[in-house]
Amino acid sequence: MDRFLYILLAVLLFGVMIAIHEFGHFFTAKLLGVKVNEFAIGMGPALWSRQKGETLYALRAFPIGGYCAMEGEDEDTGDPRAFARQAGWKKIIILCAGSFMNLVLGLVITVVLFLGITQARVPVITQFADGFQHEGADGLMVGDRIVSVDGHGIWLYADVQTYLSRNDGEGVDLVVEREGKRIALKDFPMGRYEYELGNARYRGFGLIFGQVDDLSIPERIRQGCAQTFDFVRLVWMSLGDLVTGRVAVSELSGVIGVVDVVSEVGAQSETVSMGVQNVFYFMALIAVNLAVMNMLPIPALDGGRVFFVLLNGLVYAVSRRRIPERYEGYVHAGAFVVLLALMAVVALHDVWNIFA
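Of regular secondary structure, the protein chain possesses eight helices and 12 strands. Burial status across the protein chain gives 38% buried among its 356 residues. Contacts spanning at least 24 positions in sequence make up 64% of the contacts within the protein chain whose residues lie at least 6 apart. Summed over all atoms, the accessible surface of the protein chain reaches about 19,800 Å², with 62% contributed by carbon and sulfur. The averaged location of the 37 negative side-chain charges in the protein chain is 9 Å from the averaged location of its 29 positive side-chain charges.

Following this line, the structure appears as structure tokens:
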């Protein structure tokens, strides 16, 4: 498949993710009696629209998202069914519903992909590379199953590499399962060293995981669910790395950069089928990423709005007063401008990287 078609597929999937996000807001708003003025799929000029009851349903020209316009979303319009007049718990459900739908989308895509996998490698040590110095009853042994690394549960084989690679060279806290018992190894030396495996030399941890198990349908579903929540852990880990400086801000990518990477991965796959599967895999990760990021307590995001709902409830409980809506609006508007500026900078950086 031509790379352009993969780009088109990635853009369409982005649009689906945003449309599903907005559908979460729409569905819960309708369910809880909030007036919805318009629900649109796509952005830009309307290609088709139909008024049904109080809501205008529209299909718009650019397949890059959608929106759910609720009455009184940013200010009290006097309508008793306006969003601003709803109880706090209703607001929180409506605001969280979009991210919940993104999480469900990521879960569904991942589980469907895993249903096509009949075998999987498991985190059970089957061999050590020549020169590995920590084999034995007081260390690691063949047959040990890695249960956790530095407190992170090992749900899939890939988790072993992910969390071992983050060790600081001062030792790793491992938990292994051996003959039905769990054994804790504190500050276990697991740095990367030069090892020999057969006639080849490589730099790694010296552990060989050669066991491959057949997967039943329930096990495939379980692994798909585990991979989805691994995505959640990956997003939180990336945020932590960004805060601590382990990852530079310059390494951030926006929609343009992500579409470029996804399309490249698809185009370089051996077959069209594998390319499409790889694109969907990345889009599942991005759907989960959107679910987590959107719930951060940052103004202008749904998480920021939830934070203000909770803050308003606390202020009212203490002082019997509420934060004036215009002040909250100023905060969200200012944050939205900052987010747009950041998105513009990241987009320019993505374009520069592509052409450079």
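Read on, since the account is not over.
One ladder, built from five bridges, connects strand 9 (residues 193–197) with strand 10 (residues 200–204); its direction is antiparallel. By the bridge assignment, Glu-196 is partnered in strand 10 with Arg-201. Counting the residues in the hairpin turn of strand 9 and strand 10 gives two residues, including Gly-198, whose phi is positive at 70 degrees.

A few words on the sheet that holds strand 8 (residues 181–188). One open sheet accounts for four strands, arranged 6-5-7-8; its pairing is antiparallel. A strand with exactly one partner marks an edge of an open sheet, and here the two such strands are strand 6 (152–153) and strand 8. Both strand 5 (residues 145–149) and strand 7 (residues 172–178) contribute to a ladder of four bridges, which runs antiparallel. Across the sheet, residue Arg-145 finds its bridge partner in strand 7, namely Glu-177. Packing of helix 3 (residues 157–164) onto the sheet brings it into contact with strand 5, strand 6 and strand 7, and relative to strand 5 it is tilted by some 45 degrees.

Here the focus is the environment of Phe-14. Mapped onto the elements of the fold, Phe-14 is located in helix 1 (residues 3–31). With 301 residues separating them in the primary sequence, Phe-14 and Val-315 have C-alpha atoms 38 Å apart.

Within the secondary structure layout, Phe-26 lies in helix 1. As a C-alpha pair, Phe-26 and Gly-98 span 72 residues in sequence and 8.7 Å in three-dimensional space. When neighbours within four sequence positions are excluded, Phe-26 is seen to be in contact with Val-36, Phe-39, Thr-55, Tyr-57 and Cys-68.

Moving on, we come to the nonpolar core. Of all hydrophobic cores here, the largest spans 23 residues; its most connected members are Phe-14, Met-17, Val-262, Val-279, Met-283 and Ile-286. Taken together, the elements giving at least two residues each to this core come down to helix 1, helix 2 (88–115), helix 4 (217–244), helix 5 (255–267) and helix 6 (272–294). Considering each element in turn, this core owes the most residues, eight residues, to helix 6. Once residues within four sequence positions are removed from consideration, Met-283 is found in contact with Ala-10, Leu-13, Phe-14, Met-17 and Val-262. By size, the runner-up hydrophobic cluster in this structure holds 22 residues, among which are Ile-125, Leu-185, Leu-207 and Phe-209.

In this section: the packing of helix 3 against helix 4. How two helices sit against one another is set out by the angle between their axes and by the gap between those axes. Axis separation between helix 3 and helix 4 bottoms out at 12 Å; the angle between their running directions is 10 degrees. Compared by their axis directions, helix 3 and helix 4 come out roughly parallel. Contact with helix 3, carried on its side by Asp-159, Thr-162 and Tyr-163, involves Asp-230, Arg-233 and Met-237 of helix 4 and no other residues of that element.

All right, on to the packing of aromatic side chains then. Scanning all chains against the criterion turns up 14 aromatic pairs. The interplanar angle of 10 degrees and the centroid separation of 4.8 Å between the aromatic rings of Phe-128 and Phe-132 together place this pair among those described as stacked. Members of the aromatic cluster, connected to one another through ring pairs, are Phe-23, Phe-26, Phe-27, Phe-39 and Tyr-57. Positioned above the aromatic ring of Tyr-157 is the side chain of Arg-121, whose terminal nitrogen or guanidinium carbon lies 5.8 Å from the ring centre. Cation over ring: Arg-322 sits above Tyr-316, and NZ or CZ is 4.2 Å from the ring centre.

This part covers the pattern of salt bridges. The tally for this structure, following the rule as stated, stands at nine salt bridges. When the shortest N-O distance is used, the salt bridge between Glu-54 and Arg-81 registers 2.6 Å. Of this pair, Glu-54 sits in the loop between strand 1 (36–52) and strand 2 (55–70) while Arg-81 sits in the loop between strand 2 and helix 2, and the two are 27 residues apart along the sequence. In this structure Glu-54 comes out as partly exposed when scored by relative accessible area, which is 27%. Using a relative accessible area of 32% as the deciding quantity, one classes Arg-81 as partly exposed. Here Asp-241 and Arg-166 are joined by a salt bridge, their closest N and O atoms 2.8 Å apart. Taken as a pair, Asp-241 in helix 4 and Arg-166 in the loop between helix 3 and strand 7 lie far apart in primary sequence, 75 residues in all. You can call Asp-241 buried: its relative accessible area is 9%. A single salt-bridge network, built from bridges that share partners, covers Lys-30, Glu-54 and Arg-81.

On to a nonpolar patch on the surface, then. Among the surface-exposed residues, Phe-4, Leu-5, Leu-8 and Leu-12 lie close enough to one another that they form a single nonpolar patch of about 370 Å² accessible area. Note that Leu-5 resides in helix 1. Taking the relative accessible area as the measure of exposure, Leu-5 reaches 41% and is therefore partly exposed.

The rules behind the values
Residues numbered from 1 in each chain as written. Predicted model: local features only at pLDDT ≥ 70, side-chain atom pairs only at ≥ 80, totals over all residues. Heavy atoms only, no water. Helix = DSSP H or I, 4+ residues; strand = E, 2+ residues; numbered from the N terminus. Buried < 20%, exposed > 50% of the residue type's maximum accessible area, 1.4 Å probe, protein only. Contact = heavy atoms within 4.5 Å. Areas by Shrake-Rupley, 256 points an atom, 1.4 Å probe, with all protein chains shown as cover. Lys, Arg positive; Asp, Glu negative; His and termini not counted. Charge placed at Lys NZ, Arg CZ, Asp CG, Glu CD. Pairing = 2+ DSSP bridges. Axes fitted to C-alpha atoms, helices over the stretch in contact; angles between N-to-C directions. Core = buried A, V, L, I, M, F, W, Y, C linked by side-chain atoms within 4.5 Å. Parallel < 35°, antiparallel > 145°, perpendicular 65-115°, else oblique. Phe/Tyr/Trp six-rings, centres within 6.5 Å; stacked < 30°, edge-to-face > 60°. Lys NZ or Arg CZ within 6 Å of the ring centre and 35° of its normal. Salt bridge = Lys/Arg side-chain N within 4 Å of Asp/Glu carboxyl O. Patch = residues over 30% accessible without salt bridge, like charges linked within 9 Å, V, L, I, M, F, W, Y side chains within 5 Å.

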